[in-house]
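Each chain is listed here by its residues.
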Amino acid sequence: MFDWNDLRFFLELQRSGRLLTAAKRLNTTHSTVARHIESIEKHLGTALFVQHAQGYELTPSGQALLKHAEAMENTALLAQEEITQAITPLGKIRLGVTEGIGIMFFTPRMKSLFQRYPGLEVELVAVPRFVSILNREAEISIHLERPNADLLITRKLTDYRLALYASQDYLDRAPALHSREDLARHSWIGYVDDLLFSQELLLLNSFCRAPNVVFRSTSVIAQQQAAQAGLGIAVLPNYMAGHDPKLVRVLPSETIQRSYWICTRRELHKSVRLRVVWDYLLALCAAEQAALLAE
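Conventions used here
Residues numbered from 1 in each chain as written. Predicted model: local features only at pLDDT ≥ 70, side-chain atom pairs only at ≥ 80, totals over all residues. Heavy atoms only, no water. Helix = DSSP H or I, 4+ residues; strand = E, 2+ residues; numbered from the N terminus. Buried < 20%, exposed > 50% of the residue type's maximum accessible area, 1.4 Å probe, protein only. Contact = heavy atoms within 4.5 Å. Areas by Shrake-Rupley, 256 points an atom, 1.4 Å probe, with all protein chains shown as cover. Lys, Arg positive; Asp, Glu negative; His and termini not counted. Charge placed at Lys NZ, Arg CZ, Asp CG, Glu CD. Phe/Tyr/Trp six-rings, centres within 6.5 Å; stacked < 30°, edge-to-face > 60°. Pairing = 2+ DSSP bridges. Axes fitted to C-alpha atoms, helices over the stretch in contact; angles between N-to-C directions. Polar contact = N/O pair within 3.5 Å; in protein donor to acceptor, adjacent residues only side chain to side chain. Disulfide = S-S within 2.5 Å. Core = buried A, V, L, I, M, F, W, Y, C linked by side-chain atoms within 4.5 Å. UniProt positions renumbered as here; feature names shortened; annotations may be inferred.

1. Some details on the overall build of the protein chain
Part 1 of the argument: Helix and strand counts for the protein chain come out as 11 helices and 10 strands.
Part 2 of the argument: A burial count over the protein chain gives 47% of its 295 residues as buried.
Part 3 of the argument: A separation threshold of at least 6 residues defines the contact pool for the protein chain, and within that pool the share at least 24 residues apart is 73%.
Part 4 of the argument: For the protein chain, the exposed area adds up to about 15,100 Å²; of that, 52% sits on carbon and sulfur atoms.
Part 5 of the argument: Of the charged side chains in the protein chain, 32 are positive and 31 negative; the average position of the first set lies 2 Å away from that of the second.

This is the structure we're talking about:
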């Protein structure tokens, strides 16, 4: 029988794809990771990984072991949580979310969650990309598109609207803007197209067929800052820009509606600490529809 501890190294190498990355996440050396992989392969009598230029990939034997290793990990995590909950209620939960709603919407509205559950610790991973639930980057993740995976529980978190915003300084200097047809004569702020992590972020062409984009960023917060600085017109969520005193809403009838989806691994949905945060986010978005869906 192989050492069960070897499965931690097996799972981390499968998720990261590289020895050095797996070692960093496990706070050890790449040779230690390799040694544990060799040990489990020796006991099972088969290779679990094949190495390519892009990293390590599972062999058919590795794929067969993966589902059992994940099931064992999940059982251990739930057992640990059940015991620790009896001693110290709640604990740490990691929330992966795109930066706009994570930084500009959730963070200022978290106070009542901690007042209600003082034993709770939240790690907010707010980045301009999707955070992977399957690779254990987070326990709850917010997406712009509905994830499709059998291992996940997913539901719609909320709809939200985006509109056109610019600074008054820009509008004073720019050509007159009275209708959608005038937008082609203006400067635009948008995303870096070849670095988009979701097609839901292809926003500018919904308003202007050939926008003159003068500033691009992978960060929606940087786009808001650029609009405040007078660089041009930006398409921003109303919950971010609707009450920004440095911005003016342009052509108020022109809006786009999008959705956020919340998901977690199926077996973690039973977790008390996860459900506390999960239910809070759903209730928060339901209560804040005026800000999220502002016309």
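2. A look at the packing of aromatic side chains
Part 1 of the argument: Enumeration over the complete set of coordinates arrives at 6 aromatic pairs.
Part 2 of the argument: Between the aromatic rings of Phe-49 and Tyr-56, the centroid separation amounts to 6.2 Å while the plane-to-plane angle is 85°, which identifies the pairing as edge-to-face.
Part 3 of the argument: Since its relative accessible area comes to 22%, Tyr-56 is described here as partly exposed.
Part 4 of the argument: Here the aromatic cluster, defined as three or more aromatic residues joined through ring pairs, consists of Phe-105, Phe-106, Tyr-160, Tyr-239 and Tyr-260.

3. Notes on the sheet that holds strand S8 (residues 212-216)
Part 1 of the argument: With mixed pairing, 8 strands are arranged side by side in an open sheet as S4-S3-S5-S10-S6-S9-S7-S8. Looking at which strands have only one partner, the edges of the open sheet turn out to be strand S4 (121-126) and S8. Averaged over all adjacent pairs, the angle separating strand axes in this sheet is 30°, with direction ignored.
Part 2 of the argument: Pairing geometry for strand S3 (residues 92-97) and S4, over 6 bridges, is parallel. When the bridges of S4 are listed, Ile-93 appears paired with Val-122.
Part 3 of the argument: The strands touched by helix H5 (residues 99-106) are S3, S4, strand S5 (140-143), strand S6 (152-166) and strand S10 (248-265); relative to S3, the strand with the most contacts, the crossing angle is about 120°.
Part 4 of the argument: With respect to the sheet, helix H10 (residues 272-287) is in contact with S3, S4, S5, S6 and S10, its orientation differing from that of S6 by roughly 40°.

4. Structural notes on the environment of Gln-257
Part 1 of the argument: Among the structural elements, Gln-257 can be located in strand S10.
Part 2 of the argument: You can call Gln-257 partly exposed: its relative accessible area is 40%.
Part 3 of the argument: For the pair Gln-257 and Asp-159, spaced 98 residues apart in sequence, the C-alpha separation works out to 6.8 Å.
Part 4 of the argument: Excluding its chain neighbours within four sequence positions, the residues that come into contact with Gln-257 are Asp-159, Tyr-160, Arg-161 and Leu-293.
Part 5 of the argument: Among the polar contacts listed, one links the side chain of Gln-257 to the side chain of Arg-161, at a separation of 3.4 Å.

5. Quick word on the state of the cysteines
Part 1 of the argument: As enumerated under the stated definition, the model contains 0 disulfides in all.
Part 2 of the argument: As a non-bridged cysteine, Cys-285 has Cys-263 as the owner of its nearest cysteine sulfur, 14 Å distant.

6. Concerning the nonpolar core
Nonpolar side chains tend toward joint burial in soluble globular proteins.
Part 1 of the argument: Counting 58 residues, the largest nonpolar core has Phe-106, Ile-142, Leu-157, Leu-164, Leu-183, Trp-188 and Leu-281 as its most contacted members.
Part 2 of the argument: The leading source of residues in this core is H10, at 9 residues.
Part 3 of the argument: Residues contacting Phe-106, with those up to four places away along its chain left out, are Leu-95, Val-97, Ile-101, Ile-142, Leu-157, Leu-281, Leu-284 and Cys-285.
Part 4 of the argument: Grouped together as the second largest cluster of nonpolar side chains are 19 residues, Phe-2, Leu-11, Ala-23 and Ile-40 included.

7. Some points on the UniProt feature "domain: HTH lysR-type" (unreviewed entry) in the protein chain
Part 1 of the argument: UniProt annotation of "domain: HTH lysR-type" (unreviewed entry) refers to residues 2-59 when read in the numbering used here.
Part 2 of the argument: Across residues 2-59, helical content stands at 59% and strand content at 14%; the span's end C-alpha atoms are separated by 18 Å.

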